[in-house]
Amino acid sequence: MDWELAACRDHDPELFFPVGTEGPGAEQATAAKYICGTCPISSACLRWALDTGQEAGVWGGTSEEDRRDMRRAGRGGRTIAVNA
């Protein structure tokens, strides 16, 4: 994957690793997902996160909980279009 094309490269990495899912953490995740929504490689990023079992952070426009739900639903093995 060509990470040099990633929209997140121009932002503080901590933005993509919010602490908590409520209040400031939720706002931070929303901001990170917005940036992912502008990224030309967000689908590949999500695929990488699912393939490598990334449990923390926002990847490809999805939160930790989003990816957990995808795995539970059995969608972890298919390509998923992401709209942040």
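About the cut-offs
Residues numbered from 1 in each chain as written. Predicted model: local features only at pLDDT ≥ 70, side-chain atom pairs only at ≥ 80, totals over all residues. Heavy atoms only, no water. UniProt positions renumbered as here; feature names shortened; annotations may be inferred. Core = buried A, V, L, I, M, F, W, Y, C linked by side-chain atoms within 4.5 Å. Buried < 20%, exposed > 50% of the residue type's maximum accessible area, 1.4 Å probe, protein only. Contact = heavy atoms within 4.5 Å. Helix = DSSP H or I, 4+ residues; strand = E, 2+ residues; numbered from the N terminus. Expected span 1.5 Å × (residues − 1). Arc of directions from axis to C-beta.

Taking an unreviewed UniProt entry as the reference, the protein is identified by name as Transcriptional regulator WhiB belonging to Actinomycetospora endophytica. Recorded under Subcellular location (unreviewed entry), the UniProt text for the protein is reproduced unchanged: "Cytoplasm". Per UniProt, the protein has the following entry under Function (unreviewed entry): "Acts as a transcriptional regulator. Probably redox-responsive. The apo- but not holo-form probably binds DNA."

**Student:** Got a sec to walk through the nonpolar core? Specific residues and values, please.
**Tutor:** In terms of nonpolar packing, the biggest core is built from 10 residues, these being A6, A7, F16, A29, A32, I35, C36, C39, I41 and V58. Apart from residues lying up to four places away in sequence, A7 is in contact with I35, T38 and C39.

**Student:** Just give me the short version of helix α1 (residues 24–37), but keep the residues and values in it.
**Tutor:** Helix length check: α1, at 14 residues, gives a terminal C-alpha distance of 20 Å against a target of 20 Å (1.5 Å per residue), a fit within 8%. Listed in full, the buried residues belonging to α1 are G25, A29, A32, I35 and C36. Angularly, the buried residues of α1 cover 120° about the axis, an arc narrow enough to put them on a single face. Exposed side chains of α1 directed beyond 90 degrees from the buried face belong to P24, E27, T30, Y34 and G37. As for α1, its buried residues are in contact with α2 (42–52).

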